[in-house]
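# Descriptive analysis of the structure
Here's the letter readout for the chains.
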Amino acid sequence: MLRASLKSLFSRKLRLTLAIVAIVLGVSFLSGAFVLTDSLGARFERLFTNINQHVDVQVALTEDGQDQDPLPKITQAQIDAMAALPGARAVYGDVSALGVIPFDRQDGKPVTTSGAPQIGGSRNSDDELALVELADGRWPSSDTEVAITRYTAEQTHSKTGDRLKVYLPEVNEAREFTITGIAVYDGDRESLAGETLVLFEQSFAQRTFYGQEGLFSSALLSARDGVTQEQLREQVAPIVPTGFEAKTGEQANEDAANDVQAGLSQLTTYFFGPFAIVALLVGIFLIFNTFNILVAQRASELALFRAMGASWGQVTGSVLIEAVLVGVVGSTLGLLAGIGLGLAGSAALTALIGAQLPGAGITVSATPVILAYLVGVTVTVVSAFVPAIRASAVPPLAAMREVSRPDKPLKVLTIVGLVFAVPGVALLVLGLVGSSLTPLLFGSLLTFLGVVIMSPLLTKPIAGLIGRAVGWGMSGRLGVRNALRNPRRTAVTAAALMIGVTLVSAATVLGESFTKTIDQTINASVGAEVIIQTSNTAGPPGEVGFPEKALDNVRAVPGVDQAQPFYVSIESKVDGGSAPFGGVLAMDDLAVGRDMFSMKAVEGELRTLQPGEFVTDENTFKSRGWEVGQSVPVQFDKGGEQPYRLIGVYESTPIWTDSMIVPKAAVASFGGPLAYQGYVSLDQGANTDAVVADIERVMADYPLVTVGDRSSLLEEFNSFVDIALGIIYVLLGVAILIALLGILNTLLLSIFERTRELGLLRAVGLNRRGVMRMVATESVVMAVFGCLLGIIVGVGLGAALSSALIERDFLTVVAIPWVSLIVFVVVAVVAGVLAALWPAWRAARLNVLQAIAYE
């Protein structure tokens, strides 16, 4: 029985190939994510080991120490005490800060990186424990000198002896320094991960970064001969200051590599994960259809096995064994493809960030191997289970002659679909009425599953309507009838495309609604023509931004009417809990801000705030159960808890929701004194472009700050939507690829089943072109059916979610992206034509006499 099953299996290699491709796509994304993470993690671990090869103990901040404000420091006396330990050979005190940004000498603009840090440090003499060594020139010896890494020199187009402009975040200004030396990392590396590094004279760096000399952020120690890392750590531990901990060099390297790997895991999980899920989910339908095809082709063969004495279990088991073999082959190829993806991803990310990591190989742990086979085989066996049961139900009589078995009624599918769809619709209505997202999300999922299950019931009305549009002539009408002949098969084939299009359509509706809302809200309620913004990835508000004096200079620019700064605190605690999602804001004068942003009072009053007063939006007011006049305890980033009295409530809008505003006096307790945003209104008739250019010159020394007109604010908001939609569209591409394979599979089976019919059609006058057009029409009907069903469901779910967000003041309008939806349909038509090319060619090449005589 097993030998016969395997022989039959390998005689239909094409069908197996199509199923294997679906498995390969899903498994490759899944395993590739783990291979990429493991490979880069291992390379970073080797990197840390190489650059810290002389470090035996590291004294660094604990997690609790990192939460303190200000951060604890190590004193010079403590460094000297460490150096006096009997097991210590050398000690190096580190002085460093983030956000130290050099400017390009060619264009005068600040140098940017691909997410790598921009670091300032200190170096006065050669030291075996320091990360960098001198390659050219000398170390800085005065407050006006710096050394830079070779990578930084390339990015700034500078060399020894040049003057370099550098932004210092602690004093929030840019200064010019003379470059005295060029440094490299161990092994003549220009960079570790695409970072810039500027090194100052040590005492200057301490005064600039920490406010006084004699302070260090961490310490590195090397051990004398015969002293182990553990022994030195035990000697250091008693004198480690509060907020710090001593680790062995090996443990420090491992922890640093784990931190990098954790970040990489987030990237790979959220990037590769969705592709793997969509590919496997859509692949289930292709695999299910493939085994249905195999069972249909082998109906007589399987019935003959039953007639010869094979049991129900043997027939079922034979099909499931085939599924296991297909799963193993697909998983193996998917794992190999995933290793290739991991290798390519490692090289691409390394090149993107400019990292010079040791080794260029890959690391394959047991996790991706186990997951590849577990997921690949499980998905294949689950997909093949129903066809296996059907195979065992073939009556022995079918072995003696061809038996026409009509398609089963759709009653059971309809009932099952309604079991999912009815509660789903009820939850959708409940979510819309109650403005609750939880029932909406569950309702969307149940409704979607219900529609998928009932899709065979929808095949004839929807696909029939499509057929009227594309079924031209006799060949076209025959193609439409073929698509409607087996509603189950057509629905399962179209389901792969439907899933992808549903997700994309819902996301596109949400994205379009967000875009329209932001456009309407900003144009209607933001009365500022110029916006000053701080990079949202540069650092926490208050610590990055621009000072009040810069805004005073902006107010002096010709054409400027008013300038309103925004200060933001994201670490505050309000009323014993977290701060509103939008943060705690402070502005110069609420009365000015009220007019500039068209803020409408709902309760109380919106006036200039006095110390100890605040206002909030209507949503926050209701959700927190506050009352006007109520005193609310607020604890900012610094200092203790203080009472603030609520004097007014403003109308919630998409840009004014889940927030609260306090007077500018509270900024002294924020994380830093810098403004995060600035809004500038202009005099009547002022030239916006000219004013923007003047303000850019004022802000030129603040590299983390950008200046633009109102459209730049729109672009910033819309960029997040565009990135999300870009990823969704790639997911659609994966779904379309697998859907093409599914349609190709179904058409090949259709040709196999209708071999005699095709021969008769050719015999009565249908030419090869007519046959090809018939097959192409059938393919287009299936593709467009899946696309339209996905659009209908996706748009409905997207509109429902958007409506709920309107009730919560996150949106103001439900927008339907008609152009994008039309593009989806056109893509489905093209996909249907492409999927039909090979089956149509095979159908047209059938020998007429052999086809008529086919049994």
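In this report, the structure presented in the accompanying data block is examined. (Residues numbered from 1 in each chain as written. Predicted model: local features only at pLDDT ≥ 70, side-chain atom pairs only at ≥ 80, totals over all residues. Heavy atoms only, no water.)

Glancing now at the overall build of the protein chain. Secondary structure assignment for the protein chain yields 24 helices and 26 strands. Sorting the 855 residues of the protein chain into buried and exposed places 51% on the buried side. Restricting to contacts in the protein chain with at least 6 residues of sequence separation, those with at least 24 account for 81%. Split by element, the accessible area of the protein chain, about 37,300 Å² in all, is 60% carbon and sulfur. (Helix = DSSP H or I, 4+ residues; strand = E, 2+ residues; numbered from the N terminus. Buried < 20%, exposed > 50% of the residue type's maximum accessible area, 1.4 Å probe, protein only. Contact = heavy atoms within 4.5 Å. Areas by Shrake-Rupley, 256 points an atom, 1.4 Å probe, with all protein chains shown as cover.)

In this structure the tally under the stated criterion is twelve aromatic pairs. Between the aromatic rings of phenylalanine 200 and phenylalanine 204, the centroid separation amounts to 5.7 Å while the plane-to-plane angle is 45°, which identifies the pairing as tilted. Taken individually, phenylalanine 200 and phenylalanine 204 each receive the classification buried, so the pair is uniform in this respect. When the ring of phenylalanine 597 is compared with that of tyrosine 679, the centres are 4.9 Å apart and the planes differ by 85°; the resulting orientation is edge-to-face. Here phenylalanine 597 is found in the loop between α17 (590–596) and β20 (601–604), whereas its partner tyrosine 679 is found in strand β25 (residues 677–682), with 82 residues between them in sequence. Each of the two residues, phenylalanine 597 as well as tyrosine 679, counts as buried. (Phe/Tyr/Trp six-rings, centres within 6.5 Å; stacked < 30°, edge-to-face > 60°.)

The α-helix winds at 3.6 residues per turn, so residues separated by three or four positions along the chain end up facing the same way. The end-to-end C-alpha distance of helix α13 (residues 437–470), which contains 34 residues, comes to just 40 Å, noticeably less than the 50 Å that a straight helix rising 1.5 Å per residue would cover. Of all the bends in α13, the greatest, near 60°, is centred on serine 455, and the proline proline 456 appears no more than four residues after it. (Expected span 1.5 Å × (residues − 1). Bend = angle between axes of the 7 residues up to and from the residue.)

Moving on, we come to the pattern of salt bridges. Counted by the stated rule, this structure contains 23 salt bridges. Notably, a salt bridge pairs arginine 105 with aspartate 162, separated by 3.5 Å at the nearest N-O pair. In this pair, arginine 105 sits in the loop between β5 (101–102) and β6 (118–122) while aspartate 162 sits in the loop between α5 (150–156) and β9 (163–168), placing the two residues 57 residues apart along the sequence. Here arginine 607 ties to glutamate 605 by a salt bridge, and the two come within 3.1 Å at their closest N and O atoms. Judged by relative accessible area, arginine 607 falls into the partly exposed class, the value being 24%. Taking relative accessible area as the criterion, glutamate 605 reaches 40% and is therefore assigned partly exposed. Here the salt bridges share partners, and the residues they tie into one network are Glu548, Asp552, Arg555, Asp588 and Lys664. (Salt bridge = Lys/Arg side-chain N within 4 Å of Asp/Glu carboxyl O.)

Here we take up the pairing of strand β8 (residues 145–149). Burial analysis of β8 places five of its five residues in the buried class, the great majority of the element. Taking every second residue as pointing to the same face, both faces of β8 are buried, with Glu145, Ala147 and Thr149 on one and Val146 and Ile148 on the other. Judged from the three bridges that link them, β8 and strand β11 (residues 196–200) form a sheet pairing that is antiparallel. Looking across to β11, one finds that isoleucine 148 is bridged to valine 198. (Pairing = 2+ DSSP bridges.)

As for its position among the elements, glycine 137 is in strand β7 (residues 132–137). When the C-alpha atoms of glycine 137 and isoleucine 179 are compared, they prove to be 8.8 Å apart, with 42 residues separating the residues in sequence. When neighbours within four sequence positions are excluded, glycine 137 is seen to be in contact with Thr180 and Gly181.

This part is about a negative patch on the surface. On the surface, Glu45, Glu230, Glu234, Glu250 and Glu254 cluster together into a negatively charged patch. Mapped by element, the contributors of at least two residues to the negative patch are α7 (229–236) and α8 (249–297). One can find glutamate 234 in helix α7. (Patch = residues over 30% accessible without salt bridge, like charges linked within 9 Å, V, L, I, M, F, W, Y side chains within 5 Å. Lys, Arg positive; Asp, Glu negative; His and termini not counted. Charge placed at Lys NZ, Arg CZ, Asp CG, Glu CD.)

A surface patch of nonpolar side chains, amounting to about 580 Å² of accessible area, comprises Ile822, Val826, Val829, Val830, Val833, Leu834 and Leu837. Mapped onto the fold, valine 829 is located in helix α23 (residues 818–844). When its relative accessible area of 30% is taken as the criterion, valine 829 is described as partly exposed.

Turning next to the sheet that holds strand β1 (residues 57–61). The four strands are arranged β3-β13-β1-β14 in an open sheet whose pairing can be described as antiparallel. This sheet does not close on itself; its edge strands, each paired only once, are β3 (88–94) and β14 (244–248). Direction aside, neighbouring strands of the sheet carry axes that sit 20° apart on average. Pairing geometry for β3 and strand β13 (residues 218–223), over six bridges, is antiparallel. Counted as the bridge partner of glycine 93 is alanine 219 from β13. Contacts from α7 reach β1, β3, β13 and β14 within the one sheet, and its direction differs from that of β14 by about 165°. (Axes fitted to C-alpha atoms, helices over the stretch in contact; angles between N-to-C directions.)

With that out of the way, let us pick up the packing of helix α15 (residues 487–525) against α23. Where α15 meets α23, the closest approach of the two axes is 11 Å, and the angle between their N-to-C directions is 165°. Classified by the interaxial angle, the pair formed by α15 and α23 is roughly antiparallel. For the element pair α15 and α23, the recorded crossing hand is right-handed. In this structure, α15 contributes Leu497, Val504, Ser505 and Thr508 to the contact, and α23 contributes Ser820, Leu821, Phe824 and Ala828. (Parallel < 35°, antiparallel > 145°, perpendicular 65-115°, else oblique. Left-handed = near helix turned anticlockwise from the far one by under 90°.)

Turning to the side chain of serine 455, a few remarks are in order. Tracing the chain through its elements places serine 455 in helix α13. When its relative accessible area of 4% is taken as the criterion, serine 455 is described as buried. Side-chain polar atoms of serine 455 contact the backbone oxygen of valine 452, separated by 2.7 Å. Aside from chain neighbours lying at most four places away, what touches serine 455 is Ala491, Phe785 and Leu789. (Polar contact = N/O pair within 3.5 Å; in protein donor to acceptor, adjacent residues only side chain to side chain.)

Moving on, we come to helix α12 (residues 411–434). For α12, spanning 24 residues, the distance from its first C-alpha to its last is 34 Å, which sits close to the expected 34 Å at 1.5 Å a residue. All of the buried residues in α12 are Thr414, Gly417, Ala421, Gly424, Leu428 and Gly431. At its buried positions, α12 is contacted by α13 and α22 (768–807).

What follows covers the packing of α12 against α13. The interhelical angle for the contact between α12 and α13, taken along N-to-C directions, is 155°, at an axis separation of 7 Å. When the axis of α12 is compared with that of α13, the two are roughly antiparallel. As for the relative orientation of α12 and α13, their crossing is left-handed in sense. Here the residues of the contact of α12 with α13 sort into 20 nonpolar, eight polar and no charged. (Nonpolar A, V, L, I, M, F, W, Y, C, P; charged D, E, K, R; others polar.)

These results come straight from atomic positions and should not be treated as a statement about function.
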